Structure formats: C-alpha cells, structure tokens
Amino acid sequence: MQPLPEDSPLHLAADLVEDGILITDGLRVTYANAALHRMLGYSPVASLHGAPLQRVVQDASWQVAVTRASAARAKPWQPIRMLHKSAGTTLLRMHLVRHAASGCWVAMLRTADAGRHQQGSDERLLADLEAQQKAIANDLHDALGSDLAAIALMLVQIQDQIAPAHPLHSRIVQVRERIHTTAQNTRRVSRGMQAVRDAPGALVHALEQLVVDWQEFRGLHCELQVEGDFDGVPAAVGTHLYRITQEAINNALQHGGATAVLIRLSEVPGQQLHELTIEDNGRGLQAAASADNLEGGSGIRSARARARLIHGTIGYDNGPLGGCRVTVRWPRPPGDPAGA
Ligand SMILES: Nc1ncnc2c1ncn2[C@@H]1O[C@H](COP(=O)(O)OP(=O)(O)O)[C@@H](O)[C@H]1O
Ligand SMILES: [Mg+2]
C-alpha cells in the first residue's frame, strides 16, 4: 500500500479523533494521529511516521497483541504497554484490526481510564437531566397546581352568587370540573417526572403509580408483577430503572402499536442479580434489529447508559407476548440474601 500523504483528508480527519490511531506496515509506523502523539509524549509535529515500531511498543508485546487480534473471537480493547517518549511505559487499551487487502495493522488506542471518563460523563449528563426534570416537576406541582386550585376557589365564590336555576350556574360547574381534571393531570405529569424517592420500596411504589397512570389515563392494559424483595434498591438505581421502563412503554406504543405491557421485577435464580423486564404485545423488533446489534435512537442509547451506570446489562429481543422485550439485569447489593 502506498503511504498516504501527510495532508490527506483521511489523516486530517484522524487528527480530530480523540482515540489514538496507529497504522503499521510490517515493523514500521506508517501513520500515527495527533492524539497518539500526545499519549506517548510526542508533540504532534514531531512525526512518528516512518519510525520503527519498536520506538512505540516493545516487540514482544506487539507480537502478543497481533496474535490475540488474529484469534477468531478476538476481544477488543486489550491492555497494551506502549513506550513513552520519556523512556517510561504507558498503559493503554488497544483495538487492533488487520486491513486484509494491504496487510497493514490499524490500531485504535485509549488511555486505560477512558472508559471511566465516559462513565463519569454519562453519569453527570443523566444526573443533570434528572435534576432539570425534578425542578420542572416541582414547578408544575407547586405553581401550576396551586394556581388551578385558586381559580377553582374563585369560581366557587362566583357560583355562590348565582341562583342555581340560572344557565350560567351549570356552565360554572362544568368549568370547575375541567379545572379539577387539569389539576389531576398536572399532578400525574409531575409525579412521572420526579425521580424515585429515597425510601424503602420506592421503586415498586413508583412503578405501581406508573401502571395506574397508563391504565387510567391512557387506556393501555398495563400490569406489574413483583417476585422478590426490592425494598433495598437505592433511589439512584431505582430512578434509572424507572426511566428505562418509561421509555420502554413509550416505545411499545409508539413503535410497536402495543395495547398491553407487562412489567416484571424478579430475582435471577442462583445469581446475585435482580431482573426487570418490560414486555409488550405489539409488532416487535424487526428481525434484523432484534439481536444485540440494535443500534437504537436516543431512547435506547440512554437506556444502555443507564444500565451501565447501575453496573448492569440490558438486552432487547422479542418476547412471548409477541412484541418487544427489554431485559435489565443488575447486581443485588452485597449482603442481600439470595432470593427464594
Ligand atoms: N417496543 C418496540 N417495538 C417495536 N420497535 C421498537 C420498540 N422499541 C424500540 N423499537 C425500535 O428501536 C428504535 C429505536 O428506539 P429508541 O432508541 O427509543 O429511539 P426512538 O424512539 O427515538 O426512535 C425505534 O425506532 C424502533 O424501530
Ligand atoms: Mg424511543
């Protein structure tokens, strides 16, 4: 393969990437992007291009990495010790792939704690969102809710001054009923926006409330089954599970056209794991999307981030009700007795 010129669009683009990129041809560096130069202590202008590979990695560890990457079921992001300019070594994680046509190896490299940074930023983002929602929920509940109550009271006073036989009397009663329904809806929306509270049993309570809301206000057949003890689920974990459930129900209606949703909390037999499933009777996922390769939109991406934050896993498939099934598993707190 002809090496690409330094200012090729591909190289210019690679210099914008935060992961390190290294391309080698035999035992020579054909390309290293700016991020990798920084990780190894080189200034991006002091080009490593054309340098012997030994300058950036010990021969033996490179051979190990290549052997591992050639294995049929190679795992990405293996640890690798790279050589720093200051003669020290630096631990990175590497995803190595071979470009079959040219025989070149292409490596992506991350600092060993990049995953933790990612987790930190997910956590901050979701915590910010949660705080915003809570503030809006409080405003809705306090400001709008109490305004509506005040208006209803004013109407009672007007109503008292009108003879019951007067045609306006019954109109006022109608308006009061409308205000009452609006106040109820406001409370419902505000409750749905509020995080699961910090009290024993709060997760189950919040899910029960969610089920009632969907049943009564939106006419969906919704059921919650609880098998096991979920009193000890911390509020932060409960809030993530609650939001995953909300999004799954929204998706069931929006994409699946479902008329029924079953939510189940249970304990995974023989494992220190809790399980939450949300299953619908809609059209289900398209065959191609049903496996782990489901890319998803922002709903599924944020559900995945939430599952990571509770050190759990999330999967999407089609369940026995015919529609989509979302399965979340997360570890029980240490000391939680194994379930029945
Ligand atoms: N319950 C479901 N039934 C059918 N398809 C679904 C369901 N949930 C998700 N999907 C599919 O997964 C895609 C991604 O969902 P999501 O990440 O929530 O994004 P969005 O709802 O914004 O499209 C949907 O567009 C849909 O094709
Ligand atoms: Mg969605």
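Just so it is clear, the model here is predicted, and its values are computed rather than measured. (Residues numbered from 1 in each chain as written. Chains lettered and ligands numbered in written order. Predicted model: local features only at pLDDT ≥ 70, side-chain atom pairs only at ≥ 80, totals over all residues.)

Bringing the environment of Gly201 into the picture now. Inspection of the secondary structure puts Gly201 in the loop between helix H5 (167-193) and helix H6 (202-218). In this structure the C-alpha to C-alpha distance between Gly201 and Ile172, which are 29 residues apart in sequence, comes to 42 Å. (Helix = DSSP H or I, 4+ residues; strand = E, 2+ residues; numbered from the N terminus.)

We now examine the pairing of strand S9 (residues 313-318). Covered by surrounding structure in S9 are Ile314, Tyr316 and Asn318 only, the residues Thr313, Gly315 and Asp317 on the alternate face being uncovered. Both S9 and strand S10 (residues 324-331) contribute to a ladder of six bridges, which runs antiparallel. Opposite Gly315, over in S10, you have Thr327 as the bridge partner. Remark: five residues form the turn of the hairpin made by S9 and S10, two consecutive strands paired antiparallel; Gly322 in that turn has positive phi of roughly 100 degrees. (Buried ≥ 20, exposed ≤ 12 C-beta atoms within 10 Å, placed from the backbone. Pairing = 2+ DSSP bridges.)

For the rest of this paragraph, the subject is the sheet that holds strand S7 (residues 260-268). Pairing within the open sheet is mixed, and its five strands lie in the order S6-S7-S8-S10-S9. Unpaired on one side and paired on the other, strand S6 (221-226) and S9 mark the two borders of the sheet. When the angles between neighbouring strand axes are averaged without regard to direction, this sheet yields 15 degrees. Together, S7, strand S8 (273-280) and S10 form the strand contacts of helix H7 (residues 235-254), whose direction differs from that of S10 by roughly 175 degrees. (Axes fitted to C-alpha atoms, helices over the stretch in contact; angles between N-to-C directions. Contact = placed C-beta atoms within 7 Å.)

Taking 1.5 Å per residue as the helical rise, H6 with its 17 residues ought to reach 24 Å, and the 23 Å between its terminal C-alpha atoms agrees with that figure. The complete set of buried residues in H6 reads Ala202, Leu203, Ala206, Leu207, Val211 and Trp214. If you follow the buried residues of H6, they end up packed against S6, H7 and S7. (Expected span 1.5 Å × (residues − 1).)

To continue, consider the nonpolar core. Counting residues in each nonpolar core, the largest one holds 33 residues, and the members touching the most others are Leu203, Leu241, Val261, Val326 and Val328. Listing elements by their share of this core, those giving two or more residues are H6, H7, S7, S8, helix H8 (298-309), S9 and S10. Ranked by residue count, the leading element in this core is H7, at seven residues. Setting aside chain neighbours within four positions, we find Val328 in contact with Leu241, Ile244, Glu275, Leu276, Ala307, Gly312 and Ile314. (Core = buried A, V, L, I, M, F, W, Y, C linked by C-beta atoms within 7 Å.)

Attention now goes to the site of ligand 1. Taken together, 17 residues lie around ligand 1, and Gly256, Gly297, Gly299, Ile300 and Cys324 are the ones closest in. Where the shell around ligand 1 is concerned, the elements lending two or more residues are H7 and H8. Partitioning the shell around ligand 1 into residue classes produces four nonpolar, ten polar and three charged. (Near = placed C-beta within 6 Å. Nonpolar A, V, L, I, M, F, W, Y, C, P; charged D, E, K, R; others polar.)

Moving on: the domain arrangement of the chain. Assigned domains within the chain: domain 1 (9-112), domain 2 (113-194) and domain 3 (199-340). Every contact between the two is made by eight residues of domain 2 and, on the other side, eight residues of domain 3. Taken together, the elements giving at least two residues each to the side of domain 2 that touches domain 3 come down to helix H4 (114-160) and H5. No other element matches the five residues that H4 contributes to the side of domain 2 that touches domain 3. In terms of residue class, the side of domain 2 that touches domain 3 is made up of one nonpolar, two polar and five charged. (Domains from an automatic or database assignment.)

Moving on to the sheet that holds strand S3 (residues 78-83). Paired through backbone hydrogen bonds, the strands of a sheet run either parallel or antiparallel to each other. The strand order S2-S1-S5-S4-S3 describes an open sheet built from five strands, whose pairing is antiparallel. The sheet is open, and its two borders are formed by strand S2 (28-32) and S3, each paired with just one other strand. Shown here is a sheet whose adjacent strand axes are inclined to one another by a mean of 40 degrees, direction ignored. Bridge count for S3 against strand S4 (residues 89-99) is six bridges, and the pairing is antiparallel.

With that out of the way, let us pick up the environment of Gly103. Positionally, Gly103 belongs in the loop between S4 and strand S5 (104-111). Measuring from C-alpha to C-alpha, the distance between Gly103 and Leu27 comes to 12 Å, with 76 residues separating the pair along the chain.

For H8, built from twelve residues, the straight-helix expectation of 16 Å at 1.5 Å per residue is met to within 8% by its first-to-last C-alpha distance of 16 Å. Within the sequence span of H8, burial applies to Ala303, Arg306 and Ala307. Axial view of H8: buried residues confined to an arc of 100 degrees, hence all on one face. What points out from H8, more than 90 degrees from its buried face, is the exposed set Ser298 and Arg301. Once H8 ends, the next one or two residues include His311, with phi positive near 60 degrees. (Arc of directions from axis to C-beta.)

Now for the pairing of S6. In terms of strand pairing, S6 meets S7 through six bridges, oriented parallel. From the neighbouring strand, Val226 faces S7, where its bridge partner is Leu265. In this region the chain leaves S6, passes through H7 and returns to the parallel neighbour S7; the handedness of that crossover is left-handed. (Right-handed = clockwise from strand over helix to strand, strands pointing away.)

The geometry of H7 relative to H8 is characterised by a closest axis approach of 10 Å and an angle of 155 degrees between their N-to-C directions. The angle between the axes of H7 and H8 places the two elements in the roughly antiparallel class. When you trace H7 past H8, the crossing you get is left-handed. Contact with H7, carried on its side by His240, Arg243, Ile244, Glu247 and Asn251, involves Gly299, Ala303, Arg306 and Leu309 of H8 and no other residues of that element. Broken down by class, the residue content of the contact of H7 with H8 amounts to three nonpolar, three polar and three charged. (Parallel < 35°, antiparallel > 145°, perpendicular 65-115°, else oblique. Left-handed = near helix turned anticlockwise from the far one by under 90°.)

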